[in-house]
Amino acid sequence: MPQKILAGRATDPQLRGDLVQVKVDQVILSRAPSRALAEAIATGMKKTPVEVAVAYDGTCVADASSLADIDEGSPHSVSPEFPTYNIPIARPGIGFPAPVHLERFAAPARLALTDDPRLATVGGIGMLSLVVSPSQLGQALATGSAWLRPPRSVQIHLSGRVRPFVCARDVALELLRRNLDEVVRRIEGEHHAPVILEFAGPSARLLSVGDRAVLCGIAPQVGAAAALFVSDEKTEVFLRDQRRSKAHRALVPDPGAPCEEVVSIDLGTVDPLLMDEEGVVRPVRDLAGKPVAQVVLGGDSGVTLRDMLAAALLLKSKRVPSRLDLLVAPPSRQVLEVLAQSGALVDLVATGARIIEPDRRVVTSEIYPPPPGGLSLRTADPEPRIAGAPSFVVASAETLAYAVATGSVGDPRSFKRPVRVTVPRALPTDDVLILRDKKGEQVSTKKPPPAPAAIPWKGPLTLDVLAGVPKGNGRAVVGAPGRKAPAQVEPAAPVAPVAPIASDDKAQAAPAESKAAGGVALVLSTLDEVRAVAERATDLSAVRAVVAPFVPSTAVSAFASEGIATFLVGAEALGSIKEQKSVELPAPAQWGDRVAAVFGSERVEVAWLATGMERSWTHAGTVRQPPSASKPAR
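Computed from a predicted model, the values in this text were never measured in an experiment. (Residues numbered from 1 in each chain as written. Predicted model: local features only at pLDDT ≥ 70, side-chain atom pairs only at ≥ 80, totals over all residues. Heavy atoms only, no water.)

1. Things to note about the overall build of the protein chain
- Within the protein chain, the secondary structure is distributed over 19 helices and 26 strands.
- Across the 634 residues of the protein chain, 60% fall into the buried class.
- In the protein chain, the proportion of contacts linking residues at least 24 apart, taken out of those at least 6 apart, comes to 76%. (Helix = DSSP H or I, 4+ residues; strand = E, 2+ residues; numbered from the N terminus. Buried < 20%, exposed > 50% of the residue type's maximum accessible area, 1.4 Å probe, protein only. Contact = heavy atoms within 4.5 Å.)

Following this line, the structure appears as structure tokens:
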């Protein structure tokens, strides 16, 4: 199915070559909207030609820091200029980007590019959503096309029916427990291409679009580029309920279409599961009886409207225990309205719930973090698990309801009987919080910040070695003293880093100045560390190279577009590499598939993972092209 979507939009329908140019249908801006807009304007954009482009402003709870970001034009803020470029703004309060886009904009058999891995959930409607860097998004906004690696597919065959008190969140956790990440990693290693999960089988067609979205949400956690369901009558009903019937297109795989591997799962064998604070998926009974201090019901993934209604029914006439804090974060404004109209919201409030705003910092635990020394249960998928990051338990809405009812972890099947939930068909679809351009009306005279200057690779370079992921909330920049966000800086030469802050003691003791003033090379051990750095690449301005035993192809492309070289190294060599203080890299002209790097006094051959045009992006420090060279795909 992903090959069908790309082939219909590519200049080469056979998808030959390391990278192919494809037409983009939608652009979803969530994590660094202003940076993407600055890149598009630098390319010469006047109005974006893509079918749908939306910028999500996820800062609902304003504080001094967020107000300063807006005033200074931070890459993470949403400039009021967006509507003048044919890019509507989804204002704060509309909900989390993933569920809102699924309801109001996502369309089957289309290609979307985004900067937020959590948008993988839109694959539940049959739309292919791929994560790229802000500079690649800028090119897509300006030209309507992008260069992508042709993907490979892994089929997940679903059969059987789930039992009472087992929902899509439990099925998603079961897939994680079956080591799907190892399958993805092996196929990536063989083909050096993105892996996309395709859900198939008789039971796939029985799931609602909401349940499908929950299953697609696991793609980033296993290293897959995206996940995709068929577009069938269930999809058509969903779009009809959203009053978007015209957006429907059928999408099914061709008979006998090849895939790299098939993973089968019988839904009838799935039990209530949870992911503990260490990231291990276990049966709920393993933690039975453990006291719970916080429950966050909702968020941007892992929960559907049906799940929210079921939790409200299970908690009706119950009271929150004295030592437990129940927070309800409705995924979207539509869900909030349905909960209010059905009376479920009143039941939750009567239980003792606190209704919180859909701020992007809720899912990252920057606000409402897990209480120290207490257990936090949530429905949303976790951010990459790295040292120092807040940790919590992930479980289904019904498991959370049992925890609220009893004050401790337990199997939701201990409830007397399952509840019957009727999801209304008449859904509120008023886009009151979508800000669009009005003809003849200028939204703002304030211009977005300029795109940052590229930092090219000009010759041999010596980089400080940093083991692990720099600490911080994603806004802290590893760079020269006093350096602000990249969108406000135009460096003329490689930036000299100050002492980098890392997750291990050795890195924290790194020298304050790089001897060669060349930057930093990050040595990463796990997929979660790679994901964390990829999501913060625009903030970590001094990072020039990433060395790891596994880097997904989408991350390689995103790093290359930011001028960051990505190298593969064997797991057995990681230990000695981490102990070194610096790495010497030869001039780019000497780089090939293998690069001779010198870590301290040790010479190590590493594999350069970039391919095709990605290599020129790395050397140039950007994917940006002059306006005269920008042409849309045919």
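Having seen the model, we can carry on.
2. Side note on the confidence of the model for the protein chain
- Per-residue pLDDT for the protein chain has a mean of 88; in total, 90% of the residues score no lower than 70.
- The secondary-structure element of the protein chain with the lowest mean pLDDT is helix 15 (residues 505-508), recorded at 38, while strand 2 (residues 26-29) shows the highest, at 98.
- Contacts for the low-pLDDT stretch residues 473-517, under 50 throughout, to residues beyond four places or in other chains number 109 contacts.
- A low-confidence stretch, residues 629-634 stays under pLDDT 50, and its non-local contacts, those more than four residues away or across chains, total 15 contacts. (pLDDT = per-residue confidence, 0-100.)

3. Examining the sheet that holds strand 17 (residues 376-378)
- A sheet is described by the order of its strands in space; here 7 strands give the open sequence 13-12-18-17-14-15-16, paired in mixed fashion. Edge strands, defined here as strands with exactly one partner in the open sheet, are strand 13 (281-283) and strand 16 (354-355).
- One ladder, built from 5 bridges, connects strand 14 (residues 294-298) with strand 15 (residues 325-329); its direction is parallel. Following the sheet pairing, Leu297 is matched in strand 15 by Val328.
- Seen against the sheet, helix 14 (residues 397-406) touches strand 14, strand 15, strand 17 and strand 18 (393-395) and runs at an angle of roughly 145° to strand 14. (Pairing = 2+ DSSP bridges. Axes fitted to C-alpha atoms, helices over the stretch in contact; angles between N-to-C directions.)

4. Describing the sheet that holds strand 5 (residues 111-114)
- Strand order across the open sheet formed by 6 strands is 6-5-2-3-4-19, with mixed pairing between neighbours. A strand with exactly one partner marks an edge of an open sheet, and here the two such strands are strand 6 (128-131) and strand 19 (434-435).
- Where strand 3 (residues 52-56) meets strand 4 (residues 89-90), 2 bridges bridge the pair, whose relative direction is parallel. Bridge pairing links Tyr56 to Ala90 in strand 4.

5. Section: the environment of Lys46
- Looking at where Lys46 falls in the secondary structure, it is placed in the loop between helix 2 (33-43) and strand 3.
- When the C-alpha atoms of Lys46 and Asn86 are compared, they prove to be 8.9 Å apart, with 40 residues separating the residues in sequence.
- Not counting residues up to four positions away in its chain, the partners in contact with Lys46 are Thr84 and Tyr85.

6. Re the pattern of salt bridges
- For the structure shown, the criterion picks out 37 salt bridges.
- Between Glu337 and Arg333 there is a salt bridge, with its nearest N and O atoms 3.6 Å apart. You can see Glu337 and its partner Arg333 sitting in helix 11 (residues 333-342), 4 residues apart, about one turn around the helix.
- For Asp411, the salt bridge goes to Arg413, with nearest N and O atoms at 2.9 Å.
- A relative accessible area of 17% means that Asp411 is categorised as buried.
- In this structure Arg413 comes out as partly exposed when scored by relative accessible area, which is 33%. (Salt bridge = Lys/Arg side-chain N within 4 Å of Asp/Glu carboxyl O.)

7. Quick look at the packing of aromatic side chains
- In total, this model carries 6 aromatic pairs according to the counting rule given.
- A ring pair is formed by Phe165 and Phe415, whose centres lie 6.1 Å apart and whose planes are at 25°; its orientation type is stacked. Residue Phe165 is found in the loop between strand 8 (152-159) and helix 6 (168-177), and its partner Phe415 is found in the loop between helix 14 and strand 19; the two are separated by 250 residues along the sequence.
- Pairing Trp457 with Trp591 gives two aromatic rings, centres 5.0 Å apart and planes at 65°, and the pair type is edge-to-face. Taken as a pair, Trp457 in the loop between strand 19 and strand 20 (461-467) and Trp591 in the loop between strand 24 (582-585) and strand 25 (594-599) lie far apart in primary sequence, 134 residues in all. Accessibility classification places Trp457 together with Trp591 in one group, the buried group.
- A connected cluster of aromatic rings, assembled from ring pairs, spans Trp457, Phe567, Trp591 and Trp608. (Phe/Tyr/Trp six-rings, centres within 6.5 Å; stacked < 30°, edge-to-face > 60°.)

8. Some remarks on the nonpolar core
- Core analysis: the largest hydrophobic core is formed by 43 residues, its most contacted members being Phe567, Leu585 and Phe599.
- Counting residues per element, this core draws most heavily on strand 22 (residues 543-548), at 5 residues.
- When sequence neighbours within four positions are dropped, the list of residues in contact with Leu585 reads Trp457, Pro460, Leu461, Leu463, Phe567, Trp591, Val595 and Ala597.
- Judged by nonpolar contacts, the second largest core, of 39 residues, contains Met1, Leu15, Val24 and Leu113. (Core = buried A, V, L, I, M, F, W, Y, C linked by side-chain atoms within 4.5 Å.)

9. Some thoughts on a nonpolar patch on the surface
- Together, Leu336, Val349 and Ile355 give the surface a local cluster of nonpolar side chains, amounting to about 210 Å² of exposed area.
- With respect to the helices and strands, Ile355 occurs in strand 16.
- Take Ile355: its relative accessible area is 36%, and that puts it in the partly exposed class. (Patch = residues over 30% accessible without salt bridge, like charges linked within 9 Å, V, L, I, M, F, W, Y side chains within 5 Å. Areas by Shrake-Rupley, 256 points an atom, 1.4 Å probe, with all protein chains shown as cover.)

10. Focus: unusual backbone geometry
- Phi is positive for Phe165, close to 65°, though the residue is something other than glycine.
- The exposure class of Phe165 is buried, given its relative accessible area of 8%.
- With phi around 60°, Asn179 is a residue other than glycine that occupies positive phi space.
- With respect to the helices, strands and loops of the structure, Asn179 is situated in the loop between helix 6 and helix 7 (180-191).
- For Asn179, a relative accessible area of 37% gives the class partly exposed.

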